[in-house]
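# Structural characterization, general
Here are the chains, one letter per residue:
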Amino acid sequence: MQSVALWFATFLLMVIMSVPGLWVVLSAFRPNREILAKPPVWVPTELTLANFGKIFGFGSEQVGIPVTSYFMNSMIIALTSTVIALIIGMAGGYAFARYRFRFKGGIFLGLMLFRAVPGIALSLPIFMIWSRLGLIDAKMGLIIVYVSLNVPFTIWLIDGFFRQIPMSLSEAAQVDGCTRWQAFWKIEFPLARSGIAAAGVFAFLTSWNEFALASQLTRSTDSKTLPVGLMDFTAQFTIDWAGMCAMAVIIIIPALIMTFLVQKHLIAGLTFGGVKG
Amino acid sequence: MAGITLAGVEKHYGRMRVVHGIDLDIAHEEFVVLVGPSGCGKSTTLRMIAGLEEITGGEIRIGERVVNDLPPRKRNISMVFQNYALYPHMNVRDNLGFGLKIAGQPQAVIAERVREAAEILGLSELLDRTPAELSGGQRQRVAMGRAIVRHPDAFLFDEPLSNLDAKLRGQMRAEIKKLHQKVKTTVVYVTHDQIEAMTLADRIVVMRDGYIEQVGTPMEVFNHPANTFVATFIGSPPMNLLPGRIEGGQVRLAGGEAVPVPARLAARVAEGLEVVLGIRPDDISPVGHGLGEVAEPADITLTVSIAEPLGMESLIYTTIAGQEVQAKLYGPRIVGPGEVLPFRLALERAHLFDAETGDTLEAR
Ligand SMILES: Nc1ncnc2c1ncn2[C@@H]1O[C@H](COP(=O)(O)OP(=O)(O)OP(=O)(O)O)[C@@H](O)[C@H]1O
Ligand SMILES: [Mg+2]
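Residues numbered from 1 in each chain as written. Chains lettered and ligands numbered in written order. Predicted model: local features only at pLDDT ≥ 70, side-chain atom pairs only at ≥ 80, totals over all residues. Heavy atoms only, no water.

### Focus: the overall build of chain A
- Along chain A, the regular secondary structure elements total 13 helices and zero strands.
- Sequence-ordered secondary structure for chain A, helices as α and strands as β, is α-α-α-α-α-α-α-α-α-α-α-α-α.
- With the C-alpha coordinates of chain A rotated into their principal frame, the extents come out at 70 × 65 × 30 Å.
- Residues classed as buried in chain A amount to 41% of the 277 residues present.
- Of the roughly 15300 Å² that chain A leaves accessible, carbon and sulfur atoms contribute 72%.
- Once the 19 positive and 12 negative side-chain charges of chain A are each reduced to a mean point, those two points are 10 Å apart. (Helix = DSSP H or I, 4+ residues; strand = E, 2+ residues; numbered from the N terminus. Buried < 20%, exposed > 50% of the residue type's maximum accessible area, 1.4 Å probe, protein only. Areas by Shrake-Rupley, 256 points an atom, 1.4 Å probe, with all protein chains shown as cover. Lys, Arg positive; Asp, Glu negative; His and termini not counted. Charge placed at Lys NZ, Arg CZ, Asp CG, Glu CD.)

### Thoughts on the interface of chain B and chain A
- At the interface, 20 residues of chain B touch 17 residues of chain A.
- Roughly 1600 Å² of surface becomes buried between chain B and chain A when both sides are summed, with 66% attributable to carbon and sulfur atoms.
- One can count three salt bridges joining chain B with chain A.
- A salt bridge links B:Arg146 to A:Asp176, with the nearest nitrogen and oxygen atoms 3.9 Å apart.
- Between chain B and chain A we count eight residue pairs in polar contact (both at pLDDT 80 or more) in total.
- Elements that contribute at least two residues to the side of chain B that touches chain A include exactly strand E6 (77-80) and helix H2 (92-102) of chain B. (Contact = heavy atoms within 4.5 Å. Buried area = accessible area lost by both parts, 1.4 Å probe. Salt bridge = Lys/Arg side-chain N within 4 Å of Asp/Glu carboxyl O. Polar contact = N/O pair within 3.5 Å; in protein donor to acceptor, adjacent residues only side chain to side chain.)

### Here's the deal with the site of ligand 1
- In the region of ligand 1, 13 residues are neighbours, and B:Ser38, B:Gly39, B:Lys42, B:Ser43 and B:Thr44 sit closest.
- Near ligand 1, the surrounding residues are drawn from chains A and B.
- At 2.8 Å from an oxygen atom of ligand 1 is found a main-chain nitrogen or oxygen belonging to B:Gly39.
- Backbone polar atom of B:Gly41 to an oxygen atom of ligand 1: 3.0 Å apart, as the coordinates give it.
- Expressed as a share of its isolated accessible area of 640 Å², the protein-covered part of ligand 1 is 65%. (Near = heavy atom within 4 Å.)

### A short note on a nonpolar patch on the surface
Residue and element names in this part refer to chain A.
- Together, Trp-7, Phe-8, Phe-11, Leu-12, Val-15, Ile-16, Val-19, Trp-23, Trp-42 and Val-43 make up a nonpolar patch on the protein surface, roughly 1100 Å² of accessible area in all.
- Turning to its location among the elements, Val-43 is positioned in the loop between helix H2 (32-36) and helix H3 (50-56).
- With a relative accessible area of 63%, Val-43 lands in the exposed category. (Patch = residues over 30% accessible without salt bridge, like charges linked within 9 Å, V, L, I, M, F, W, Y side chains within 5 Å.)

### So, the pairing of strand E11 (residues 240-247) of chain B
Residue and element names in this part refer to chain B.
- Side-chain alternation along E11 places Asn-240, Leu-242, Gly-244 and Ile-246 on a buried face and Leu-241, Pro-243, Arg-245 and Glu-247 on a face that remains uncovered.
- As defined by bridge partners, E11 adjoins strand E14 (residues 274-279) across six bridges and the pair is classed as antiparallel. Note on E14: the bridge partner recorded for Arg-245 is Glu-274.
- Taken together, the four bridges between E11 and strand E12 (residues 250-253) define a ladder with antiparallel strand orientation. Among the inter-strand pairings, Arg-245 is bridged to a residue of E12, identified as Arg-252.
- Between the antiparallel neighbours E11 and E12 lie two residues, among them Gly-248 with a positive phi of about 55°. (Pairing = 2+ DSSP bridges.)

### Side note on helix H3 (residues 107-121) of chain B
Residue and element names in this part refer to chain B.
- Over its 15 residues, H3 extends 21 Å from the first C-alpha to the last, a length consistent with the 21 Å expected when each residue adds 1.5 Å.
- When H3 is considered as a whole, its buried residues turn out to be Ile-110, Arg-113, Val-114, Ala-117, Ala-118 and Leu-121. Each buried residue of H3 sits inside an arc of 135° when the element is viewed along its axis, so together they form one side. Looking at H3, the residues exposed on the side facing more than 90 degrees away from the buried face are Ala-108 and Glu-119.
- Here the buried face of H3 lies against H2, helix H4 (136-148) and helix H5 (166-182).
- Phi turns positive, to about 65°, at Gly-122, one or two residues after H3. (Expected span 1.5 Å × (residues − 1). Arc of directions from axis to C-beta.)

### Looking at the domain arrangement of chain A
All names here are of chain A.
- Under the domain assignment, chain A is made up of domain 1 (2-48) and domain 2 (67-275).
- The partner domain 2 presents eight residues to the eight residues of domain 1 that form the contact.
- Summed over both sides, the interface of domain 1 with domain 2 buries roughly 580 Å², with 79% coming from carbon and sulfur.
- For domain 1, the biggest contributors to the area lost against domain 2 are Val-24, Ala-28 and Asn-32; these three give 58% of the whole.
- Our count for the contact surface shared by domain 1 and domain 2 stands at zero salt bridges.
- Counting every contact that joins domain 1 to domain 2 gives one residue pair in polar contact (both at pLDDT 80 or more).
- Tallying contributions element by element places helix H1 (residues 2-28) first for the side of domain 1 that touches domain 2, with four residues.
- Its residues assigned to classes, the side of domain 1 that touches domain 2 comprises five nonpolar, two polar and one charged. (Domains from an automatic or database assignment. Nonpolar A, V, L, I, M, F, W, Y, C, P; charged D, E, K, R; others polar.)

### Looking at the nonpolar core
All names here are of chain B.
- By size, the foremost hydrophobic cluster in this structure holds 56 residues, and its most contacted members are Ile-4 and Ile-60.
- When residues no more than four places from it in sequence are discounted, the contact partners of Ile-60 are Ile-4, Thr-5, Leu-6, Val-9, Met-48, Ile-49, Ile-55, Arg-65, Val-66, Val-67 and Asn-68.
- Core analysis: the second largest hydrophobic core is formed by 44 residues, Val-35, Leu-96, Val-183 and Ile-234 among them. (Core = buried A, V, L, I, M, F, W, Y, C linked by side-chain atoms within 4.5 Å.)

Dropping the structure here:
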């Protein structure tokens, strides 16, 4: 009885959580007039690929939105910033986990506090500095922003994972004939891999989905990312909801693929802390 | 041929000194045990030999080489850690072969050496398991296997048995001893367990607060402790220490009782010297219930406070000169609290220490 109630409550919660997402996906396959119909049409009477056709330039209707450029920009920016954030996160996480140095606690706390500042609060200063440096509407500008947003988090997560690995493993490897560097790559890195994968997914998703700062710092197809591109569907008096939903689906797909690919590591990663090796 | 020499080795952490210039000569193929209470610098000393800890001062030589500035991998030693430090993501075979693989040995050599080590340690059946799938004793054996496959100049052990339960510890102790007989190599073994020290060592090094208190064979350390610290640290239950003063060829204890000065020490004590009389529980027994013939008996009547029967013997708590003393009763006789019995001290095995310095009065 109790378990049925629990199951039902869980189910209800899941439904509430996923309805907006599912509605977006569903809407991507419906014509605009049905989406906007009043009273709403709950059960779709007509499913179509026309919305995607509009975006990718086939079919009768076209919208002038350079989705391919946006997609490439998003990919380049998200992947590059993730790779950089991971490299810095690994180096920093390892340093915090393994070495003693002056002001270690303070620096760590500072990094975490930096993460507490809402990104949007930084938009004006960043905008001003970037415009001096000529980084407005450049991929590099966004990459730098995303790296700095993600680095505190990757350091924090990866530090936690290296901390879980006893020092004696690396010491044993060094006695066994490894240099410190070899000991890291052959022993500590493989053991922290799940944490690094988890940090990578989070960093990628943050960069991939970020809208507020990107909308300020990008102008053209040179650097506009997919979330910013969504705004192209709003005209002065109309919003092309169907097109927007189709685009949203396109944004979701790589994120889903990414998450599935590292899912195994991710779960191991997120529960690692509770398990004693 | 590779002995290990420590000359004036020091270790400071910032302003804190944890090892104060120790000198030690370890012979080729010798089994040396570093023993001492927690925090006395045993692990630090071992880790300096391994190269895992920098040496603040002095010199360490392995064989003919000064290794002060060599990284661990260039010292040709292997180490067994307290937590075993097995690589969790590799199976037993790869754990054993890791060092050889890093050294670039050919596959065939690695396979052969791993097989050989696995055989010596009875691991042949377990080669495909991961460390998580092994019991504590098996992990311990893998850790030792990993140490022997490389045929190093010396093995370093840091409290390898302290994570095992008492029974397994006894078994593994015997295995380590056998292993050393099979694989003749210099061993430096750290423990705070004096039984491990006594049973395994060719020579024991007793450490305290970063100093070496005494170096000697187990029997030397047991029978001729250099000072009161060693006297109470080695041997279980510990040696009884009774403060007193030399008066007319006797040791007058603090409570007024007097016992003769042991004959072998008679020439080494001066009238009026403040001393500590040391006597092991085995050397205080009720008359007729001792370990055997007593050459220099001193009889004294004592009241039993508590008796703990241990089967063929009982441990008796009593007081001499107002101080708690442990004594041993051999043979199947039950005594109870409050019982008053004549006891006999075997003074030929008693010790005298200088009360001020704690050092033995024996010739050394
Ligand atoms: N990294 C360090 N920084 C400062 N002090 C240290 C450090 N490592 C060890 N010490 C100190 O050095 C002393 C000796 O430590 P060590 O680990 O050698 O003791 P030990 O004899 O092995 O003790 P145990 O039996 O508990 O393992 C201790 O007082 C310890 O607090
Ligand atoms: Mg230690």
